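Observations on the three-dimensional arrangement
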Amino acid sequence: MYILGLSFDTDASASLLKDGVPMAAAAEERFTRVKHDRDFPNQALECCLANAGIQMEDVEWAALGWNPGIHLRPLLWRQSSRVRHHAEYLSAVPNMLLQKRAGRPRSVVVEQTLHFGEGQPPLRVAYVDHHLSHAAWAYVSGFDEAAILTVDGFGETTSTMRAALRGDHIQVLGQVERPHSLGSLYAAVTQYLGFTPNKDEGTVMSLAAMAEPRFVDDFRSMVRLDADTGAFELDLSYFSFFQESTQRVSQKFIDKFGPVRGSWEDEITEQHKAIAASLQLVFEEVYIGLARHVQRETGLKELVVAGGVALNCVANGRILEETDFERLFIPPASGDDGVSTGAALYLHHEHLKLPRAGHTFRHAFLGHDVEDAEVEELLQVSSRRYRHLPPELTPRVAARLLASDKIIGWCQGKAEFGPRALGNRSIVTSPGSLELKDRLNASVKFRLGFRPFAPSMLADRVADLFEGGGPTPFMLIAYTAKPEWRDRIIGILHFDDTARVQTVEPDENPRYHQLISHFDKLTGVPVVLNTSLNVRGEPIANTAKDALACFDTSGMEYLFLGDHVLCKEDAALEQALEEAIVAETEAGSTHGE
């Protein structure tokens, strides 16, 4: 059975399940080139169908990760008693019929069936509770049982959910209702600091490491966690969530902390850094408190965390350090883009009562596939210099360029699902140079200089380089580097010597693992610096054409499109190729012996 998952209005995306297993997923922004595109995911949907080799007629169910039934109220009769357009019957009729029934509907799934005439299969549409859509990622976590914590701005009326997966069933244990929301708190302060809410929270998290949290008591007064119940409340007098205002913080907040930072270009003061540090620390306290509560509530040792707040890798890093959880799963698309997958998973397991497939979600390469035909068609109409390498030499040549401190683009196979570049749509360089880091920020990414970069590293070496290091394939946990390695990987360390680590397994991304392995053999460092293949304000590259546009408009020096490599400097490429041929020949001889 094919189930199509959808999410739109925020971070539109589409996903496709076959018999309960995610087999395709993509965000609409990758195709439209509109960051955080909110429109219906037409192109992402077509990508999912193409990846599976099916037509829309083969899809039996579609699931949307938002349940409009929760919003239906008999009190809305004035809005439903007369429709402006006949399509509104779809909402007006059930809304009016509610007045004939007692109580408020709380079904977590609302279902529609669309019939297309004799001989054509119907399409059934299910609207799934938003936070249960986040929670349903637990079905592919690899855990038989797990505590679940979903935290975001809000979905329908809920901002936070505690739940437990036991076998094939998710049980909701408790919820926090909006406007009391950790996501809304972080977004409001993000905006106050001059950044874009629901987009630049990662920048604020980076800023937080640059100062002492001297306003921590003020922020503790704004958000209070009840450790006994797992609920928390915001002091709403500091926020303007329900007022006609362009700012999400209130005048009371401004009176306490000073004027709003106007824009991205304005000076970032020590005060701003201290505010970010205080926000981050108090956020972590509440977040970890929620995790501790759901652990006590369930008695389980595995935790699944989802929702946009789960992108806060610093807070995630504290969960395994400071709670009784022993294993942690965070989906690569933990924000609203991942709701399309979660809604389909929930429909399969809970609504249709189909068994778990036993699938563990180990990689995120589910999007548009850059194949040789696409690359060759693009290069045929291009005047750019390029070489077509034998497949076995491509990782070797790339590794030798990295060892010479070159900056390369690495565009391979299927695009990642989620906001992180995980080795198929990446810009890669050596991790051992602050000069390279600064050059990347200034002339390749065109972003603020304090923003850190992440390491991709061989999975079996993570404990050697990082304190408490463990598997983190989706780059969603921050670890502290061990002192003896800090100088050698200084380009991927933040001001507090932490890094948002990605571990790479040979069976999940063989070619990227080969690149890092060859770099390790050349340098003795099992790490490369990895950042997304885009410039500031652009979605991550999706197609070969997108990658080429990024190459042309930035300081990137080489671009690998599959086995085709484009260059802005011939000499280093030719030398790397010659050395790679020798190394490959020697490796073949050794293997033959």
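Here the structure is shown first, and the text comes after it.
Overview of the structure. None of these values were measured; they are calculated from a predicted model.

1. Thoughts on the packing of aromatic side chains
For the structure shown, the criterion picks out 13 aromatic pairs. Residues F283 and Y287 carry aromatic rings whose centres are separated by 5.3 Å and whose planes lie at 20° to one another, so their mutual orientation is stacked. Of this pair, F283 and Y287 both sit in helix α10 (residues 270-298), 4 residues apart, roughly one helical turn. Taken as a pair, F283 and Y287 share a single burial class, namely buried. Ring geometry for F361 and F474: centres 6.0 Å apart, planes at 55°, overall tilted.

2. Brief notes about the sheet that holds strand β3 (residues 21-27)
An order of β3-β2-β1-β4-β6-β5 is seen for the 6 strands of this open sheet, with the pairing classed as mixed. Each having just a single partner strand, β3 and β5 (109-114) make up the two edges of the open sheet. Across the sheet, the mean angle separating the axes of adjacent strands is 20° when strand polarity is ignored. The pairing of strand β1 (residues 2-7) with strand β4 (residues 59-64) spans 5 bridges and is parallel. Bridge pairing in β4 places Y2 opposite V59. Relative to β3, helix α2 (residues 42-52) is tilted by about 145°, and along the sheet it contacts β1, β2 (13-18), β3 and β4.

3. What about the packing of helix α7 (residues 201-208) against α10?
Where α7 contacts α10, the two axes come as close as 7 Å, and the packing angle between them is 100°. With respect to α10, the axis of α7 lies roughly perpendicular. Facing V204, M205, L207 and A208 of α7, the residues of α10 in contact are H272, K273, A276, A277, L279 and Q280. Among the residues forming the contact of α7 with α10, the class breakdown is 7 nonpolar, 2 polar and 1 charged.

4. Observations regarding the side chain of D129
Here D129 is to be found in the loop between β6 (123-128) and α5 (130-135). From its side chain, D129 meets the backbone nitrogen of L132 in a polar contact 3.0 Å long. Excluding residues within four positions of it along the chain, D129 makes contact with N67, I70, V108, E156 and M161.

5. A word on the environment of H388
Tracing the backbone through its elements, the reader meets H388 in strand β15 (residues 386-388). Accessibility expressed as a relative area gives 45% for H388, which makes it partly exposed. Sequence separation between H388 and V565 is 177 residues; the distance between their C-alpha atoms is 6.5 Å. If sequence neighbours within four positions are ignored, H388 has contacts with E376, D563 and H564.

6. Details of the pairing of strand β8 (residues 158-166)
Sheet faces and side chains relate simply in a regular strand, where the side chains alternate between the two faces. Judged by how many residues are buried, β8 sits mostly within the fold: 8 of 9 residues are covered. Here 8 bridges tie strand β7 (residues 145-155) to β8, and the two strands are oriented antiparallel to one another. For I148, the partnering residue across the bridge sits in β8 and is A163. The loop that links β7 with its antiparallel partner β8 comprises 2 residues; one of these, E156, has a positive phi angle of about 55°. With 8 bridges connecting them, β8 and strand β9 (residues 169-177) associate as antiparallel partners. When the sheet's bridge partners are listed, M161 is paired in β9 with Q175. The antiparallel pairing of β8 with β9 creates a hairpin that spans 2 residues between the two strands, and G167 there sits at a positive phi of about 70°.

7. Some remarks on the packing of helix α14 (residues 394-403) against helix α17 (residues 510-523)
At a minimum axis distance of 8 Å, the contact between α14 and α17 shows a crossing angle of 45°. With respect to α17, the element α14 is oriented oblique. Along this stretch, α14 crosses α17, giving a crossing that reads as right-handed. Contacts between α14 and α17 involve T394, P395, R396, A398, A399, R400, L402 and A403 on the former and, on the latter, R511, Q514, L515, H518, F519, L522 and T523. A per-class count over the contact of α14 with α17 returns 8 nonpolar, 4 polar and 3 charged.

Quick notes on the rules
Residues numbered from 1 in each chain as written. Predicted model: local features only at pLDDT ≥ 70, side-chain atom pairs only at ≥ 80, totals over all residues. Heavy atoms only, no water. Phe/Tyr/Trp six-rings, centres within 6.5 Å; stacked < 30°, edge-to-face > 60°. Helix = DSSP H or I, 4+ residues; strand = E, 2+ residues; numbered from the N terminus. Buried < 20%, exposed > 50% of the residue type's maximum accessible area, 1.4 Å probe, protein only. Pairing = 2+ DSSP bridges. Axes fitted to C-alpha atoms, helices over the stretch in contact; angles between N-to-C directions. Contact = heavy atoms within 4.5 Å. Parallel < 35°, antiparallel > 145°, perpendicular 65-115°, else oblique. Nonpolar A, V, L, I, M, F, W, Y, C, P; charged D, E, K, R; others polar. Polar contact = N/O pair within 3.5 Å; in protein donor to acceptor, adjacent residues only side chain to side chain. Left-handed = near helix turned anticlockwise from the far one by under 90°.

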